[in-house]
Amino acid sequence: MATSPYQWIDQALTTIHRASWHRTVQPLDGKAGPVLQHGGRPVVNFASNDYLGLAGDPRLAAAAIEAIQAYGTSSTGSRLLSGQRPIHQQLEQAIAAWKGTEAAIVFSSGYLANLGTVSALVGGRDLILADQFNHASLISGATLSGAQIQSYSHGSLDDLQQQLRTLRPQYRRCLISTDSVFSMDGDICPLPGILDLADTFDCMVLIDEAHGTGVLGQTGAGAAEHWGCRQRPLIQVGTLSKALGSLGGYVAGSAALIDFLRNRAASWIYTTGLTPADAAAALAAIAIVQSEPTRRDRLWQNVNRLKQGLKQQLAGPAQPKRLGQLLPSDSPIFCVQVGSAAAVLQLGHQLNAMGYLVSAVRPPTVPVSRLRLTVMATHTPDHIQALVEALGRVLSSVQA
Ligand SMILES: *Cc1c(COP(=O)(O)O)cnc(C)c1O
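So, here's what we can say about the structure. It should be emphasised that the depicted structure is a prediction, and the values quoted were computed from it without experimental measurement.

**Description of the sheet that holds strand 2 (residues 41-45)**
Taken together, the 3 strands give an open sheet; going across it, the order is 1-2-12, and neighbouring strands pair in mixed fashion. In this open sheet, the two strands that pair with only one neighbour each are strand 1 (35-38) and strand 12 (356-357). Where strand 1 meets strand 2, 4 bridges bridge the pair, whose relative direction is antiparallel. Its bridge partner lying in strand 2, histidine 38 is registered against arginine 41.

**As for the nonpolar core**
With 67 residues, the main nonpolar core has Leu91, Ile95, Leu240, Leu310 and Leu391 as its most contacted residues. Per-element accounting of this core gives the leading share, 10 residues, to helix 11 (residues 276-291). Look past the residues within four positions of leucine 310 in its chain and what remains in contact with it is Leu326, Phe334, Leu373, Val388 and Leu391. By size, the runner-up hydrophobic cluster in this structure holds 24 residues, among which are Ala103, Ala113, Leu257 and Ile269.

**Notes on the environment of valine 289**
Mapped onto the fold, valine 289 is located in helix 11. Residue classification places valine 289 among the buried residues on the basis of a relative accessible area of 1%. Put simply, valine 289 and valine 215 are 74 residues apart on the chain and 9.3 Å apart in space, counted from C-alpha to C-alpha.

**Points about helix 3 (residues 86-99)**
Taking 1.5 Å per residue, 14 residues should reach 20 Å; helix 3 reaches 20 Å between its end C-alpha atoms and fits that length. Buried within helix 3 we find Ile87, His88, Leu91, Glu92, Ala94, Ile95, Ala96, Trp98 and Lys99. Summarising the contacts, the buried residues of helix 3 are in contact with helix 2 (58-71), strand 3 (103-107), strand 8 (235-239), strand 9 (249-253) and helix 11. Looking one or two places after helix 3, you find glycine 100, whose phi comes out positive at around 75°.

**Brief notes about the environment of threonine 374**
Position of threonine 374 relative to the elements: it lies in strand 14 (residues 370-374). The residues contacting threonine 374, other than those within four sequence positions of it, are Asn45, Phe46, Ala47, Ser48, Tyr51, Pro332, Ile333 and His379. Side-chain polar atoms of threonine 374 contact the backbone oxygen of serine 48, separated by 2.7 Å.

**Observations regarding the packing of helix 3 against helix 11**
Between helix 3 and helix 11, whose axes approach to 9 Å, the crossing angle comes to 30°. It follows that helix 3 is roughly parallel to helix 11 by the angle criterion. Of the two elements, helix 3 crosses helix 11, and the hand of that crossing is left-handed. Of the residues in helix 11, those in contact with Ile87, His88, Gln90, Leu91, Ala94, Ile95 and Trp98 of helix 3 are Pro276, Ala279, Ala280, Ala282, Leu283, Ile286, Val289 and Gln290. Of the residues in the contact of helix 3 with helix 11, the class split is 12 nonpolar, 3 polar and no charged.

**Remarks on the packing of helix 6 (residues 157-167) against helix 7 (residues 191-201)**
Between helix 6 and helix 7, the least distance of the axes is 10 Å, while the angle of their chain directions is 10°. Classified by the angle their axes make, helix 6 and helix 7 are roughly parallel. Of the two elements, helix 6 crosses helix 7, and the hand of that crossing is right-handed. For the pair helix 6 and helix 7, contact is made by Leu157, Leu160, Gln161, Leu164 and Arg165 and by Gly193, Ile194, Leu197 and Phe201, respectively. When the residues that make up the contact of helix 6 with helix 7 are grouped by side-chain class, the tally is 6 nonpolar, 2 polar and 1 charged.

**What to know about the sheet that holds strand 10 (residues 325-326)**
Pairing between the strands of a sheet comes from backbone hydrogen bonds, and it takes one of two forms, parallel or antiparallel. If you trace the 4 strands from one edge of the open sheet to the other, you get 10-11-14-13, paired in antiparallel fashion. Each edge of the open sheet is held by one strand with a lone partner, namely strand 10 and strand 13 (359-361). One ladder, built from 3 bridges, connects strand 13 with strand 14; its direction is antiparallel. The residue bridging serine 359 from the neighbouring strand is arginine 372, located in strand 14. Its contacts with the sheet put helix 12 (residues 293-315) on strand 10, strand 11 (333-337) and strand 14, and the angle it makes with strand 11 is roughly 15°.

**Overview of the site of the ligand**
In the vicinity of the ligand lie 15 residues, with Gly110, Asp208, His211, Thr239 and Lys242 positioned nearest. A distance of 2.8 Å separates an oxygen atom of the ligand from a polar atom in the backbone of glycine 110. When the free accessible area of the ligand is taken as 380 Å², the share hidden by the protein chains comes to 86%. The element that contributes the greatest number of residues to the shell around the ligand is helix 4 (residues 110-121), accounting for 3 residues. Class assignment of the residues belonging to the shell around the ligand gives a composition of 2 nonpolar, 10 polar and 3 charged.

Procedures and definitions
- Numbering of residues starts from 1 in every chain and runs along the sequence as written.
- Totals for whole chains, interfaces and linings use all residues, but because this is a predicted model, local features are given only for residues with pLDDT of at least 70 and pairs of side-chain atoms are given and counted only at 80 or more.
- Heavy atoms throughout the structure, all of them, feed into the side-chain values; hydrogens and water do not.
- A pair of strands is labelled paired if DSSP reports no fewer than 2 bridges between them.
- Strands are runs of DSSP state E lasting at least two residues, helices are runs of H or I lasting at least four, and both sets are numbered from the N terminus onward.
- Buried Ala, Val, Leu, Ile, Met, Phe, Trp, Tyr and Cys residues that are joined via side-chain atoms within 4.5 Å together make up what is termed a nonpolar core.
- A 1.4 Å probe rolled over the protein chains alone gives each residue an accessible area, and that area as a share of the maximum for its type sets the label: buried under 20%, exposed over 50%, partly exposed in between.
- The criterion used for residue contact is that any of the two residues' heavy atoms lie within 4.5 Å.
- To estimate how far a helix should reach, multiply one less than its number of residues by 1.5 Å.
- Under this definition, polar contacts are N or O atom pairs within 3.5 Å; protein pairs additionally need one hydrogen-donor-capable and one acceptor-capable atom, and for neighbouring residues in sequence, both atoms have to be side-chain atoms.
- Here, axes are lines fitted to C-alpha atoms. For helices the fit covers the stretch in contact, and angles between N-to-C directions go from 0 to 180 degrees.
- Roughly parallel means an angle under 35 degrees; roughly antiparallel means over 145; roughly perpendicular covers 65 to 115; every other angle is labelled oblique.
- Handedness of a helix crossing follows the sense of rotation of the near helix relative to the far helix, less than a right angle counterclockwise being left-handed and clockwise being right-handed.
- Residues were grouped as follows: Ala, Val, Leu, Ile, Met, Phe, Trp, Tyr, Cys and Pro as nonpolar; Asp, Glu, Lys and Arg as charged; and all remaining residues, including Gly, as polar.
- Throughout, the term near means that a residue has one or more heavy atoms lying within 4 Å of the molecule or strand in question.
- Here the Shrake-Rupley method, with its probe set to 1.4 Å, supplies the accessible areas, and only the displayed protein chains count as covering residues.

Below is the structure:
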């Protein structure tokens, strides 16, 4: 009997629906910022990665427009062929200067930066030790590399050391890879301890600063600056698309590393160079991040405001049978764990109906479903207070 070779897709979708894992996209309207439009109504946005509120900044828009007028809309080819513009070099120099590294290279996205870097650094005779909660792009890069992949317990130096003792001698090279700020948890990696272990066991270290860049450290240079580790050998990957309000990814490190990636990172070589507009917007953002530390101060005031509010709301007497547990956070990312995927979806929809945009994150992205809230420098105290109250109301209604 002739059945369609595509029949299985319907069955797979049915399974996804049954588990409450099905995802859909929702169009949001209006300029990037703390308040967007959803279905014709305003929603306060606690779901974006635009931590410093730069994505809607007129100075980034002006820089992007100027670059389009100068160079056109596309870089028209691989950086190695026809895609290199002066703006790429300016951006890479600005990133290296800010990060305190010899050199930097920009990719067309953070995902591509991780894919290309991890797969270029290790191969079949090598070992990757990866934090169990690493971002999907680090995991994809590891798989692509063909190296032996071993995960260690989240943030555990003891487990990492144990595994290094057992496994390291069997392999040629070893790469320890970790998010700096964990994207779906909000805590940060114990970088100094990781670097010490890397010294002892002769390993390379790659940290993914997607959520650290612009947020952590005296000048916003990330977790490496926060921990005072910028002088140590380290591969720093990150994105231009979160606190920097643009699009693209980067790697910062030694001049030799960057030169090697230009020759070996397939996701840089075989793809079109970052657009001039994205490069210019990111360059403008880096200048603003360095010259306006008050933005970061306002972000951290809001982080502390939301943290206090959530702690009170989730621990208070109004929640006798606590549904949500607040995960430890050292960043603008806050996660409230909710047991089931169906419940977290319901909570997300209820908050949305009340005018708050929050993310309901479910497996397979995370092992346990959670509401994920991200705070921006441009939220007002009222936005935050109102969100905390709304969260309290929906949690008690689900419990009732
Ligand atoms: C968002 C993210 C990326 C991917 O960056 P893009 O520029 O959006 O492709 C990589 N790593 C982590 C930890 C992220 O959160």
